[in-house]
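Overview (structure and organization)
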Amino acid sequence: MMTEHSKKLYGGVVIYLSLPIIIFILTWVKPFISVPAIAIIAFVIFRALRDKENSLELPIIGKKEKEVIIFAIIIITLWVYFSGIGKFVFQNVDHIYRNAIFEMLVNNRWPIVKEYIQDGQSNQFMLVYYIGFWLPAALIGKLFGLAAGYCFQAVWAVLGIFLFYLLICCYFKKISLAPLIIFIFFSGLDVIGKALVDGQAVSIFTGDHLEWWAAPSQFSSFTTQLFWVFNQSIPAWILILLIILSSKNRYVIFYLGIGLIFCPFPFIGLLPFVAYIVVRNGISYKDYQKVFRDLFSIENVLGGGITGILTYLYYKSNSSGQYIVFIPAKIPYRRGFTFCVVLFLLLEIGVYLVAIFKYQKNNPLLYIAMLVLCTCPLVQVGYESDYCMRACIPGQVVLFLLVTATLIKAWQGKDIVVATSICIILLIGSITPIHEINRTIQQTRQSYLNQTEVYASTATEEELMVIATNFRGDAEESDFCQYIMR
């Protein structure tokens with residue numbers, strides 16, 4: 001039985017994840033499809049929120065816990081502020097395109113289909129991207145202006161990370177700041193990898209971007225994810241915790257369906273964990289009929305099916321998504337692919353595996369996380385390294401949970417060797433997110449001194465839709481455009 005606080009948390013998480021797909025279906029899909037689809041999704045959400053046996057168990061919140069939560073909100077707000085979301089401070093180069101997507105959503109009628117001249121021919125291109133995170137803020141931008149929309153982006157990010165933080169508290173069964181701090185500064189040992197590959201010492205206090213040392217492989221730290229690809233990372237963080245904490249299979253496919261509009265690559269990384277959770281929950285039922293009923297529930301079949309299929313058909317139109325390469329050979333270093341991948345995996349996850357194995361060797365989540373993370377560098381989807389950098393996110397979150405749980409157990413059990421080892425690895429790894437934060441502070445300060453704009457410029461609509469191929473699809477060849485789009 002969930003407490004009142006747990007019910008509110010679960011309701012907040014479900015609504016946070018559901019609102020973007022609801023907006024998308026209402027505004028991008030033909031009414032004869034969207035109206036019944038929204039009715040079904042609303043019915044599924046109603047049933048989920050009414051379920052008194054759901055699995056989130058938020059610890060009891062007293063006066064001390066309320067103080068901790070207030071500090072957590074302050075930390076999260078500062079973290080989001082320095083990320084560049086909302087255009088308050090320096091923004092990394094990826095924001096050039098993320099700003100363009102957001103402004104295109106605010107300034108154009110939905111769905112967005114535009115005609116452009118390419119190679120002397122007229123083409124109709126549709127915006128096809130993982131736009132879920134921006135849709136609520138874009139509505140605010142349409143109603144109250146672009147500046148208000150950008151501000152709401154930051155609010156939406158703070159809300160999402162706060163919900164994720166409370167899910168972490170559910171996982172550890174305690175309201176504490178320590179896991180949040182570890183999460184913000186959690187990373188692989190990029191500083192060592194860069195020093196080994198480049199043959200040069202790396203300063204701790206600069207703002208260099210350290211994580212391309214094993215290109216095209218990269219596992220971005222959580223701070224890097226927030227500062228560069230917040231639209232995918234925040235929902236992915238929430239989804240993996242929500243799925244792991246689920247004690248019933250009745251909703252897991254529904255969670256996947258509503259999450260796909262945010263993050264297709266992390267969605268792939270979620271699948272092995274979903275498979276494990278389904279089996280784990282099924283074993284706990286001790287009733288095979290209940291296993292079948294829950295897995296093929298109305299919530300999963302209709303809610304997850306409708307949201308997942310509509311989003312898949314939308315993504316299927318994307319131009320670059322058709323390019324898939326296994327074991328990419330594009331390695332810029334003379335040492336070759338094998339050396340780079342082995343060293344990369346050793347420094348990103350191997351050191352943590354050794355440190356936590358004593359405590360987590362019987363935990364299936366450890367082996368699933370290793371499977372996901374070790375296979376990510378072997379696949380390339382599109383023309384960049386996005387698959388490796390994003391499909392890994394669920395595995396990274398699980399690794400963070402296992403490392404933090406091991407540190408707590410080792411500390412409580414006075415296992416000095418394990419606790420000290422983890423602390424040293426975490427401290428070395430923290431140099432990567434510290435560099436990301438340093439760069440924002442240094443670049444923002446320099447912009448103020450030079451009296452120039454602190455935030456990134458914005459790509460034009462033509463640069464976004466014609467020159468880049470990641471963000472659009474051919475409207476004339478798209479089944480979504482022909483049969484589903486309003």
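I will try to describe carefully the structure that is included in this document. (Residues numbered from 1 in each chain as written. Predicted model: local features only at pLDDT ≥ 70, side-chain atom pairs only at ≥ 80, totals over all residues. Heavy atoms only, no water.)

We now examine the overall build of the chain. When helices and strands are counted, the chain shows 21 helices and five strands. Seen through its principal axes, the chain has C-alpha atoms that stretch 65 × 60 × 45 Å. Counting all 486 residues of the chain, 58% fall into the buried class. Put simply, of all contacts in the chain between residues at least 6 apart along the chain, 81% involve residues at least 24 apart. Accessible surface for the chain amounts to roughly 20,900 Å². Of this, 64% is attributable to carbon and sulfur atoms. (Helix = DSSP H or I, 4+ residues; strand = E, 2+ residues; numbered from the N terminus. Buried < 20%, exposed > 50% of the residue type's maximum accessible area, 1.4 Å probe, protein only. Contact = heavy atoms within 4.5 Å. Areas by Shrake-Rupley, 256 points an atom, 1.4 Å probe, with all protein chains shown as cover.)

Tallied over the entire structure, the rule returns ten salt bridges. Close ionic contact of Arg 47 with Glu 299 constitutes a salt bridge, the shortest N to O distance being 2.7 Å. Here the residue Arg 47 occupies a position in helix α2 (residues 31–50), and Glu 299 occupies one in helix α13 (residues 298–315), the gap between them amounting to 252 residues. Overall, the relative accessible area of 0% leaves Glu 299 in the buried class. Arg 250 is the partner of Glu 299 in a salt bridge, and the nearest nitrogen-oxygen pair spans 3.5 Å. On the criterion of sequence distance, the pair formed by Glu 299 in helix α13 and Arg 250 in the loop between α9 (222–244) and α10 (252–259) is long-range, its members being 49 residues apart. Members of the salt-bridge network, linked through shared partners, are Arg 47, Arg 250, Asp 294 and Glu 299. (Salt bridge = Lys/Arg side-chain N within 4 Å of Asp/Glu carboxyl O.)

With that out of the way, let us pick up the packing of aromatic side chains. The way to describe two aromatic rings as a pair is by their centre distance and the angle between their planes. Inspection of the entire model under this criterion finds 39 aromatic pairs. Between Phe 24 and Phe 480, the ring centres sit 6.2 Å apart and the planes meet at 25°, which makes this aromatic pair stacked. Remark: Phe 480 occurs in helix α21 (residues 479–484) and Phe 24 occurs in helix α1 (residues 4–28); sequence separation between them is 456 residues. Overall, Phe 480 belongs to the buried group, its relative accessible area being 0%. A cation sits over an aromatic face here: Arg 472 above Phe 125, 4.2 Å from the ring centre. (Phe/Tyr/Trp six-rings, centres within 6.5 Å; stacked < 30°, edge-to-face > 60°. Lys NZ or Arg CZ within 6 Å of the ring centre and 35° of its normal.)

Quick look at unusual backbone geometry now. Looking along the chain, the bond that leaves Trp 110 and enters Pro 111 is cis, with omega of -10°. The topology assignment puts Pro 111 in the loop between α4 (95–107) and β1 (113–118). Look at the link from Ala 215 to Pro 216: it is a cis peptide, with omega at 15°. Although it is not a glycine, Lys 87 adopts a positive phi angle of roughly 65°. Within the element layout of this structure, Lys 87 appears in the loop between α3 (63–83) and α4. On the basis of relative accessibility, which here comes to 17%, the residue Lys 87 falls in the buried class. Residue Lys 414 is not a glycine yet carries a positive backbone phi of 55°.

Our next topic: the environment of Ile 261. Relative to the elements of secondary structure, Ile 261 occurs in the loop between α10 and α11 (264–285). When the C-alpha positions of Ile 261 and Pro 235 are compared, they lie 9.7 Å apart, and in sequence the two are 26 residues distant. If we ignore the near neighbours within four places in the chain, the residues touching Ile 261 are Pro 20, Ile 21, Phe 24, Tyr 130, Ile 131, Gly 132, Thr 311 and Tyr 315.

Before going further, it helps to spend a moment on the pairing of strand β2 (residues 121–127). Of the strand pairs in this sheet, β1 and β2 are connected by six bridges, and their pairing is antiparallel. Across the sheet, residue Glu 115 finds its bridge partner in β2, namely Gln 124. Remark: two residues form the turn of the hairpin made by β1 and β2, two consecutive strands paired antiparallel; Asp 119 in that turn has positive phi of roughly 55°. Relative to strand β5 (residues 472–474), β2 is paired through three bridges, and the arrangement is antiparallel. Bridge pairing in β5 places Met 126 opposite Gly 473. (Pairing = 2+ DSSP bridges.)

An order of β1-β2-β5 is seen for the three strands of this open sheet, with the pairing classed as antiparallel. In the strand order of this sheet, the two ends are held by β1 and β5, each with one partner. For this sheet the average axis-to-axis angle between neighbouring strands, irrespective of direction, equals 45°. (Axes fitted to C-alpha atoms, helices over the stretch in contact; angles between N-to-C directions.)

Here we come to the environment of Gly 207. Tracing the sequence through the fold places Gly 207 in the loop between α8 (190–198) and α9. For Gly 207, a relative accessible area of 12% puts it in the buried group. Spatially, the C-alpha atom of Gly 207 lies 9.5 Å from that of Pro 433, the residues being 226 residues apart in sequence. Those residues within four positions of Gly 207 in sequence are excluded, and the remaining contacts are His 435, Asn 438, Arg 439 and Gln 442.

Taking 1.5 Å per residue as the helical rise, helix α6 (residues 146–172) with its 27 residues ought to reach 39 Å, and the 39 Å between its terminal C-alpha atoms agrees with that figure. Where burial is concerned, most of α6 is hidden: 19 out of the 27 residues are buried. (Expected span 1.5 Å × (residues − 1).)

The next point concerns the side chain of Gln 91. Mapping Gln 91 onto the fold places it in the loop between α3 and α4. Classification of Gln 91 by relative accessible area gives buried; the value is 4%. At 3.2 Å, the side chain of Gln 91 forms a polar contact with the side chain of His 95. Among the polar contacts listed, one links the side chain of Gln 91 to the side chain of Asn 99, at a separation of 3.0 Å. Here Gln 91 is in contact with Gly 84, Asn 99, Val 454, Tyr 455 and Ala 456, once residues within four sequence places are set aside. (Polar contact = N/O pair within 3.5 Å; in protein donor to acceptor, adjacent residues only side chain to side chain.)

Here the focus is empty space enclosed by the protein. Summed over the entire model, instances satisfying the criterion amount to two cavities of 30 Å³ or more. Along its surface, the largest cavity is lined by Phe 186, Ser 187, Gly 188, Phe 219, Ser 220, Ser 221, Phe 222, Glu 348, Ile 349, Tyr 352, Gln 396 and Leu 399. Elements with a minimum of two residues in the lining of the largest cavity: α14 (337–360) and α17 (393–412). The element best represented in the lining of the largest cavity is α14, accounting for three residues. The residue makeup of the lining of the largest cavity, split by class, is six nonpolar, five polar and one charged. (1 Å grid on protein atoms, 1.4 Å probe; cavity = no way out; pocket = protein on both sides within 12 Å on 5 of 7 lines; lining within 4 Å. Points joined across faces, edges and corners; volume = space filled by probe spheres on them. Nonpolar A, V, L, I, M, F, W, Y, C, P; charged D, E, K, R; others polar.)

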